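Residues per chain, in single letters:
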Amino acid sequence: MFEQFGINAGFVEELHVRYRQSPMSVDEQWRAFFEALESPTKHDHANGPAAGNGNGHAQAHSVNGNGHARANGDGAQAAIGKYNGYASAALRDERLLAAAAVQGRVYQLINAYRVRGHLFAKIDPLGTPPEASAELDLANFGLSEADYDTAFPTVGLTGLGERATLREIVAHLSATYCSSIGVEFTHIEEPEAREWLQTAMESTRNRASLDRTEMLRVLTRLTDAEIFEQFVHKNFLGSKRFSAEGAESMIATLDLLIDYAAGRGIEEIVIGMAHRGRLNVLANIMGKNVREIFAAFRDSNPERNLGRGDVKYHLGASCDRNTSSGRSIHLSLAFNPSHLEFVNPVVEGRVRAKQDRGKRLGVMPLLIHGDAAFMGQGIIPETLNMAGLEGYATGGTIHLVVNNQIGFTTLPQDSRSTRYCTDISRMIKVPVFHVNGEDPEAVIQVTRLAIEFRQRFGKDVVIDMLCYRRYGHNEGDEPRFTQPVMYQLIDQKPTVRQVYVDKLARSGQITLEVGNSLKAERQAALELALEEEKKGDYLRAPSALEGIWTAYCGGPDANVTEADTRISEERLIELATSLSQLPSTFQANSKIKAILDTRRERIASGQPFDWGTAEHLAFASLVAEGRRVRLSGQDARRGTFSHRHATLFDTQSGQRYTPLANLASASGGSFEVYDSPLSEQGVLAFDYGYSLDCPEGLVIWEAQFGDFANGAQVIIDQFIVSAEDKWLRLSGLVMLLPHGYEGQGPEHSSARIERFLQLSASDNIQVCNLTTPAQIFHALRRQVLRKWRKPLVIFSPKSILRHKEATSTTRDLAEGQFHRVIGDTETDPRNVKRVLLCSGKVYYDLVEARRASKRDDIAIVRLEQLYPLNEALTEALSVYADGTRLIWVQEEPRNMGAWYFLHANLRGVIGDRLPLSVVSRPAAASPATGSKASHDLEQKRLLSEAFAE
Ligand SMILES: Cc1ncc(C[n+]2csc(CCOP(=O)(O)OP(=O)(O)O)c2C)c(N)n1
């Protein structure tokens with residue numbers, strides 16, 4: 001409302017607020033101005049002189065005012081008329097204008113510190129001077145040192161009295177915004193969040209006021225961190241440990257972060273981090289027995305981990321920690337591959353699963369990043385983007401970037417185009433603290449703010465802790481080859497602990513002896529542990545699964561007890577009926593309503609039904625049994641091929657209705673389906689993470705087309721197929737990957753069966769290519785009902801979704817089971833001269849071709865589960881005479897599909913009774929032709945070859 005003050009309008013507004021709270025807190029002139037503005041009696045007086053004298057400014061304003069008034073009715077118009085009168089009167093007061101101008105400049109200065117102060121903060125322990133150092137000069141604001149001793153109202157500035165001299169104001173701002181903490185927060189969109197943070201920082205000058213006990217605690221943790229590294233360095237010379245030296249504040253701050261978190265109602269933290277400082281975190285935060293770490297360094301039993309396990313700085317751990325609030329907090333450090341940052345969405349998924357089990361804000365993700373990786377890896381924005389999405393949000397993640405200002409040998413100027421390594425996080429408009437890692441108390445201050453902010457506003461917070469790396473990338477690496485100057489500087493630096501000891505000693509908090517004795521104690525404890533380790537056997541595999549996982553198992557396929565996946569016909573009818581019922585006020589799209597009704601009618605009347613029906617019944621039966629079902633993927637609600645329609649949209653209001661969720665709510669189960677962001681690696685990782693903390697449920701990630709899954713190859717290679725081998729961690733995740741050669745071109749045909757089969761070993765995953773609705777029904781149900789947890793990759797259909805012969809009946813669901821192999825029932829084995837073995841959609845093409853050519857001497861057998869293979873295949877083939885030709889028929893080029901895998905492995909399963917050969921497209925670089933006509937011709941030739949003499 002104070003537009004006439006131009007760029008100072010905000011300042012006058014704040015003054016006005018201040019005046020309202022306490023009239024005496026503003027200057028006399030301003031008091032008179034606001035009095036006139038607010039008092040009806042003074043109004044007449046104030047309005048009088050303005051009436052005949054309206055200057056240009058006031059008239060122009062009055063035009064604006066009228067425009068505004070029209071929108072707000074007569075009352076508002078009258079108010080604005082009055083207001084213009086006051087304003088005109090005030091504006092004629094030259095002195096008032098001058099005072100407004102100078103105070104406005106102070107206001108701009110205050111604002112500049114808030115917005116730009118981080119650029120001048122002393123955040124870099126290697127001391128690089130801030131770049132645009134003149135930006136906050138008084139002269140830039142029309143002020144000068146002559147104004148230093150003038151007192152100004154401290155409008156909106158917390159932590160000073162109501163008035164303060166310019167000198168005091170600048171000192172306050174500089175301490176708050178330009179000391180060891182530089183903060184980016186004015187881009188936050190929610191005013192309350194911005195204001196809360198501003199007040200929290202300004203009222204404390206952004207310093208943690210630690211008491212002596214806390215200071216000693218910090219010092220102890222810095223000592224633990226430093227001595228651990230030095231001890232390992234000395235005793236296991238030449239081993240990689242990815243030392244935390246230079247970043248020791250990380251340990252002190254994690255220690256207190258956990259404490260604050262517990263004090264703010266957090267019961268559980270899931271941590272994701274890479275190699276740097278991980279052993280230190282394991283020893284000093286996760287409470288891992290250092291004897292075990294020493295034993296892993298010694299690595300003295302070569303037989304123990306043949307072909308499995310992982311390096312020590314990738315291992316996860318969990319523990320319960322007592323905190324000073326008396327509350328215990330559960331910590332999990334996620335197992336981590338070498339691939340930097342990919343663990344982040346896995347952690348988020350884990351947290352979400354725990355939250356969905358009922359502890360919403362009580363579980364918090366904590367991600368520790370490297371500076372080079374944070375800016376370089378695309379998984380970071382993918383993860384950040386999920387922070388506010390209904391199906392993926394976790395109530396705010398704390399990000400701690402251990403910014404040692406180097407990535408292996410690469411410096412920031414070669415690493416990023418942005419000023420800060422955290423700039424990518426600005427996309428989600430959350431606070432970013434840049435903090436000097438050599439000032440542990442500053443790091444602790446931002447950690448406190450971060451926890452408080454997350455708990456209040458449910459948003460992410462980013463802490464960029466600038467530090468350095470005392471050694472090379474690992475300890476055997478010479479950093480002086482590539483960073484000679486930087487390391488000259490680092491070589492001269494005392495340790496972070498030493499800097500803190502000196503500071504505490506200078507301020508009289510401790511004597512240097514206290515510092516030394518803490519060091520000696522820690523040293524002695526490690527010496528003792530090492531002696532004990534030498535005498536005992538402390539080499540450990542990752543811990544066995546506990547808690548929610550105790551009822552489940554992994555291991556070999558052969559040991560698995562089958563589950564009964566049948567559902568009675570009556571129950572199926574009930575479920576289908578329930579799924580077709582919509583709320584009376586819901587206006588469904590008529591075509592979709594018809595689909596729901598058809599599903600119900602077909603089930604009720606025993607007629608064959610399609611894939612979508614079977615899939616729905618599998619979900620329905622599980623949620624009705626109290627299970628959790630989560631399905632996420634691009635356009636998963638409708639389904640890429642419109643076969644699913646799990647969620648309906650009201651034609652009038654656009655509101656969503658998910659019948660399965662409704663069914664679930666009555667049973668205590670849950671059904672959630674989400675259209676995911678357009679990401680593969682981020683979302684697959686999230687859902688994989690979800691499966692790690694939801695063994696009891698069915699967790700499905702669906703690709704738009706199967707080939708897009710290769711955008712998530714890291715998650716497949718580094719987690720899904722290898723986690724059991726490396727970390728003894730299980731997952732029952734289902735991946736639905738649409739696959740099939742239907743003339744849609746190179747990119748929509750192949751989900752790369754060959755890749756999954758190449759990754760198959762030691763019964764690590766299940767790979768299926770299914771052909772009937774009943775098969776998907778039983779496959780999904782057995783995935784949950786068995787106690788065996790193994791990732792399940794399903795090459796799901798496209799045209800089969802609607803193929804007239806790809807149907808099943810209620811009987812198939814009520815009496816059937818999952819079949820790894822489906823034998824031929826249309827031919828008499830005694831007449832069979834050739835067996836076509838196939839999998840997936842080509843089966844229907846082969847059947848049609850056989851029908852057309854009236855061949856009853858050719859059997860067609862379907863291999864529905866490509867991995868693990870077992871005697872089901874041997875049995876299905878046992879009815880054919882020795883020497884019968886067995887031909888694997890695949891649509892894919894020879895070098896793709898299942899052929900190479902089967903060629904290498906089939907004999908080991910079925911022996912060499914039946915001579916094996918192959919029919920396929922010729923080997924090719926690209927999976928399929930781009931021409932539909934060429935595809936049709938290729939398919940015709942493929943089929944003729946399969947039937948040729
Ligand atoms: C995806 C990926 N690419 C490359 C590497 C190899 N690598 C390991 S550490 C590292 C440097 C990481 O730098 P930064 O993120 O700053 O962490 P720092 O090691 O400095 O703590 C690189 C390139 C990797 N581990 N993961």
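The following refers to the structure shown. Nothing here was measured: the structure is a model prediction, and the numbers come from that model. (Residues numbered from 1 in each chain as written. Predicted model: local features only at pLDDT ≥ 70, side-chain atom pairs only at ≥ 80, totals over all residues. Heavy atoms only, no water.)

### Topic: unusual backbone geometry
Okay, so step 1: Of the consecutive residues Tyr-867 and Pro-868, the connecting peptide bond is found in the cis state with omega at -15 degrees.
Okay, so step 2: Here Pro-868 lies in the loop between β22 (865-867) and α31 (871-877).
Okay, so step 3: Look at Glu-341: it is not a glycine, yet its phi comes out positive at around 75 degrees.
Okay, so step 4: On the secondary structure map, Glu-341 appears in the loop between β6 (328-333) and α12 (343-356).
Okay, so step 5: One non-glycine residue with positive phi stands out, namely His-645, at about 50 degrees.
Okay, so step 6: Position of His-645 relative to the elements: it lies in the loop between β11 (628-633) and β12 (648-649).
Okay, so step 7: Judged by its relative accessible area of 8%, His-645 falls in the buried class. (Helix = DSSP H or I, 4+ residues; strand = E, 2+ residues; numbered from the N terminus. Buried < 20%, exposed > 50% of the residue type's maximum accessible area, 1.4 Å probe, protein only.)

### Some details on the pattern of salt bridges
Okay, so step 1: This model, assessed by the stated rule, comprises 63 salt bridges.
Okay, so step 2: As a salt-bridge pair, Asp-845 and Lys-841 come within 3.3 Å of each other at their nearest N and O atoms. When sorted by exposure, Asp-845 lands in the same class as Lys-841, which is buried.
Okay, so step 3: The structure contains a network of salt bridges with shared partners spanning Arg-217, Arg-221, Asp-224, Asp-255, Asp-259, Arg-321 and Arg-522. (Salt bridge = Lys/Arg side-chain N within 4 Å of Asp/Glu carboxyl O.)

### Here we look at the site of the ligand
Okay, so step 1: Around the ligand sit 15 residues in total, of which Arg-276, Ser-338, Asp-371, Ala-373 and Ile-406 are the nearest.
Okay, so step 2: Arg-276 is positioned such that a nitrogen or oxygen atom in its side chain is 2.9 Å from an oxygen atom of the ligand.
Okay, so step 3: Within the backbone of Leu-340, an N or O atom sits 3.2 Å from a nitrogen atom of the ligand.
Okay, so step 4: Contact with the protein chains covers 76% of the free accessible surface of the ligand, which is 570 Å². (Near = heavy atom within 4 Å. Polar contact = N/O pair within 3.5 Å; in protein donor to acceptor, adjacent residues only side chain to side chain. Areas by Shrake-Rupley, 256 points an atom, 1.4 Å probe, with all protein chains shown as cover.)

### Some words on helix α9 (residues 249-263)
Okay, so step 1: An ideal rise of 1.5 Å per residue puts 21 Å on 15 residues; α9 measures up with 21 Å between its terminal C-alpha atoms.
Okay, so step 2: The buried fraction of α9 is high, at 14 of 15 residues.
Okay, so step 3: With its phi angle positive at about 90 degrees, Gly-265 sits one or two positions after the end of α9. (Expected span 1.5 Å × (residues − 1).)

### Considerations on the sheet that holds strand β16 (residues 734-738)
Okay, so step 1: On the basis of which strands lie adjacent, the open sheet formed by seven strands has the order β14-β11-β15-β16-β18-β17-β22 and mixed pairing. Only two strands of the sheet have a single partner each, and these edge strands are β14 (670-675) and β22. Each strand axis lies, on average, 20 degrees off the axis of its neighbour in the sheet, ignoring direction.
Okay, so step 2: Alignment of β16 against strand β18 (residues 792-796), held across five bridges, turns out to be parallel. In the strand pairing of β18, Pro-738 is matched with Ser-796.
Okay, so step 3: Running over the sheet, helix α22 (residues 611-624) touches β11, β14, β15 (698-702) and β16 and is turned about 140 degrees from β11. (Pairing = 2+ DSSP bridges. Axes fitted to C-alpha atoms, helices over the stretch in contact; angles between N-to-C directions. Contact = heavy atoms within 4.5 Å.)

### As for the nonpolar core
Okay, so step 1: Within the largest apolar cluster, 114 residues are counted, with the highest numbers of intra-cluster contacts made by Met-250, Ile-269, Met-286 and Phe-433.
Okay, so step 2: With ten residues, α9 is the single largest residue contributor to this core.
Okay, so step 3: Aside from chain neighbours lying at most four places away, what touches Met-286 is Ile-271, Val-281, Ala-317, Ser-318, Cys-319, Leu-331, Ser-332 and Leu-333.
Okay, so step 4: Ala-334, Val-346, Tyr-392 and Val-835 belong to the second-largest nonpolar core, a separate cluster that totals 82 residues. (Core = buried A, V, L, I, M, F, W, Y, C linked by side-chain atoms within 4.5 Å.)

### Overview of the packing of aromatic side chains
Okay, so step 1: Enumeration over the complete set of coordinates arrives at 22 aromatic pairs.
Okay, so step 2: Judged by centre distance (5.6 Å) and plane angle (35 degrees), the ring pair of Phe-231 and Phe-294 falls under tilted. Placement of Phe-231 in helix α8 (residues 212-235) and of Phe-294 in helix α11 (residues 290-298) is noted, with a sequence separation of 63 residues between them.
Okay, so step 3: Seen in terms of ring centroids, Tyr-843 and Tyr-844 are 5.0 Å apart; in terms of plane orientation they differ by 75 degrees. Their pairing is edge-to-face. Of the two residues examined, Tyr-843 and Tyr-844, each falls in the buried class.
Okay, so step 4: An aromatic cluster is present here, built from Phe-231, Phe-236, Phe-294 and Phe-297 joined pairwise through their rings.
Okay, so step 5: Taking the ring centre of Tyr-392 as reference, the NZ or CZ of Arg-630 above it sits at 5.0 Å.
Okay, so step 6: Cation over ring: Arg-630 sits above Tyr-690, and NZ or CZ is 4.8 Å from the ring centre. (Phe/Tyr/Trp six-rings, centres within 6.5 Å; stacked < 30°, edge-to-face > 60°. Lys NZ or Arg CZ within 6 Å of the ring centre and 35° of its normal.)

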